[in-house]
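So you can see what is in the structure, the chains are spelled out below.
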Amino acid sequence: MKSATNSTNMRATRVPLERDGLSLGFYKFVFMTPTILVMMLVVAAPLLYSLYLSLHEYIVTYGQGPFIGLGNYVLLMGREFAGVSWVTMKLTVSVVVIEFLVAFALALLLNQSWLRYREFYLVILMLPMLMTPVAVALMFRLMFNPNLGIVNWLLSLVGIPAQGWFGDPNLALATVIFVDAWTETSLMLIMLYAGLRSLPQDPVEAARIDGANAWQILRHVTLPTLRPVILVTLLIRMITALKSYDLIYILTQGGPGKTTETISFYAYRLGFRFLDIGQAAAVSFILLVAVVGLTLILLRILRER
C-alpha cells in the first residue's frame, strides 16, 4: 500500500517537472537565438558569399563576371598550386613534429617533482606565445639580416661565412620553420603540461611498485593516458600551421621565388596583387576543405581511442 502511494506521488510530481523541462528548453532556444543570429551574420554570411564569389569570374578592375561553376577550381589545378601546396605540407609537418617533440620534452621536464622554480621557468617559456607574430617576425628578420644581423656576426666569430638566410632558396624555408617553432612551441607546451598535471598518479605509483623504470612508465602509462590531449594539441597546431600567413608575409613575402609561399599567402597574392577575387576565394575554400577533412580524421581517431 505504501509503495503504491509512493508511485502515485511520483507520477503526480513528474507532470510539473516535464512541463518545466519543456519551458526550460523553450527558454534555452530563446536565449541561444541571438548568439545563433550573430554567428550566422559574422561567419555564415561571409562564408556563403565567398563560396558565391568562387563560382564566378570576378576581377576587381572589371567587376563581377558571369557564373563559371567550378572554372576557378579547375584553373587552380596546375603546377603553381601544386607547388604552394607542397610548401604548405612541408612547413606544416616540420613545425608540428619539431614543436611537439620540443614541447613534450619540456613538459616532461617541468612535470618532475624534483624541479625547483618550476613557475619561473614556465613563465620564461611562455614569453614567445605572448608576443605578436609581427613583432617576432620583425625581430628575427633583423637578427638574420645578412649584413647587420647578429646571427651572421656570431658565425663569423667561428669562421663560418655569412649566410643569406631568407634570400637563399636552400635556407629560406628552414629558417621560417625555425622562427615558427620558436614562436609556437609555447602553445603546445602549455597544453601538454596541463595534460600531464591532470593525469592520475595511481597508475604511475602502481607501475613503480611493479618495478617499471622511467621509460616503461612513459611508454605504457603516461602516453596512453595522455593520448587525447596529444591528439587535440596536434589538431589545433596543424590547423594553425596550415593557415600560416603572417610570418611568411613579414619574413619572405613567399620568396625567394616561391620557395616559402604557402596556400594562404597564395590566396592573398591572387586576391590583393592580381585582384582576382574569384580564384582567391576558390583557393581559400580548398584550404577550408583540407582543414575540415583533417579535423574530422583526427576527431574520428580520438573517438575510436
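The next thing to look at is the overall build of the protein chain. For the protein chain, the count of helices and strands is 12 helices and 2 strands. Relative to a compact globule of 305 residues, whose C-alpha radius of gyration would be 19 Å, the protein chain shows 27 Å and is clearly more extended. In terms of overall dimensions, the protein chain has C-alpha extents of about 95 × 70 × 30 Å along its principal axes. Considering the protein chain as a whole, with its 305 residues, one finds that 33% of them fall into the buried category. Considering only residue pairs separated by 6 or more positions, the protein chain has 65% of its internal contacts joining residues 24 or more positions apart. Of the roughly 18,900 Å² that the protein chain leaves accessible, carbon and sulfur atoms contribute 70%. Where the 22 positive side-chain charges of the protein chain centre and where its 16 negative ones centre are 7 Å apart.

When we look at a pair of aromatic rings, we describe it by the centre distance and by the angle of the planes. Under the defined criterion, the tally for this structure stands at 17 aromatic pairs. Between Phe144 and Trp165, the ring centres sit 5.3 Å apart and the planes meet at 70°, which makes this aromatic pair edge-to-face. Of the two residues, Phe144 sits in the loop between helix H5 (133-143) and helix H6 (150-157) while Trp165 sits in the loop between H6 and helix H7 (172-198), which places them 21 residues apart along the sequence. As far as burial versus exposure is concerned, Phe144 and Trp165 are alike and both buried. Measuring from centroid to centroid gives 5.7 Å for Tyr268 and Phe272, while their planes differ by 25°, and the two rings are stacked. Highlighted residues: Tyr268 and Phe272, both in helix H11 (residues 263-273), separated by 4 residues, approximately one helical turn. Given a relative accessible area of 19%, Tyr268 falls into the buried group. Ring pairing ties together the aromatic residues Phe140, Phe144, Trp165, Phe166, Phe178 and Trp182, which thus form one cluster.

Attention now goes to the nonpolar core. Judged by nonpolar contacts, the single largest core of 40 residues is most densely connected at Phe100, Phe144, Val179, Leu192 and Leu251. Broken down by secondary-structure element, the contributors of at least two residues to this core are helix H3 (79-110), helix H4 (118-130), H5, H7, helix H9 (214-242), helix H10 (246-251) and H11. One finds Leu76, Leu242, Ala282 and Phe285 within the second-largest nonpolar core, a separate group that totals 18 residues.

Here we come to the pairing of strand S2 (residues 63-67). With 3 bridges connecting them, strand S1 (residues 56-59) and S2 associate as antiparallel partners. By the bridge assignment for S2, His56 is matched with Phe67. Connecting the antiparallel pair S1 and S2 is a turn made up of 3 residues.

Once that is clear, we can look at the packing of H3 against H11. The geometry of H3 relative to H11 is characterised by a closest axis approach of 8 Å and an angle of 140° between their N-to-C directions. Taken together, the axes of H3 and H11 are oblique relative to one another. Only Ile263, Tyr266 and Arg269 of H11 make contact with H3, whose side of the interface consists of Glu80, Phe81, Val84, Ser85 and Thr88. Tallied by class, the residues present in the contact of H3 with H11 amount to 4 nonpolar, 2 polar and 2 charged.

Turning our eyes to something else, we now look at the confidence of the model for the protein chain. Caution applies to low-pLDDT regions: their predicted coordinates should not be interpreted in detail. When the pLDDT values of the protein chain are averaged, the result is 84; 91% of them are 70 or greater. In the model, residues 1-21 has pLDDT below 50 throughout and makes 0 contacts with residues more than four positions away in sequence or in other chains.

Cut-offs used in this document
- Residues numbered from 1 in each chain as written.
- Predicted model: local features only at pLDDT ≥ 70, side-chain atom pairs only at ≥ 80, totals over all residues.
- Heavy atoms only, no water.
- Helix = DSSP H or I, 4+ residues; strand = E, 2+ residues; numbered from the N terminus.
- Rg over C-alpha atoms; globule rule 2.2 N^0.38 Å.
- Buried < 20%, exposed > 50% of the residue type's maximum accessible area, 1.4 Å probe, protein only.
- Contact = heavy atoms within 4.5 Å.
- Areas by Shrake-Rupley, 256 points an atom, 1.4 Å probe, with all protein chains shown as cover.
- Lys, Arg positive; Asp, Glu negative; His and termini not counted.
- Charge placed at Lys NZ, Arg CZ, Asp CG, Glu CD.
- Phe/Tyr/Trp six-rings, centres within 6.5 Å; stacked < 30°, edge-to-face > 60°.
- Core = buried A, V, L, I, M, F, W, Y, C linked by side-chain atoms within 4.5 Å.
- Pairing = 2+ DSSP bridges.
- Axes fitted to C-alpha atoms, helices over the stretch in contact; angles between N-to-C directions.
- Parallel < 35°, antiparallel > 145°, perpendicular 65-115°, else oblique.
- Nonpolar A, V, L, I, M, F, W, Y, C, P; charged D, E, K, R; others polar.
- pLDDT = per-residue confidence, 0-100.

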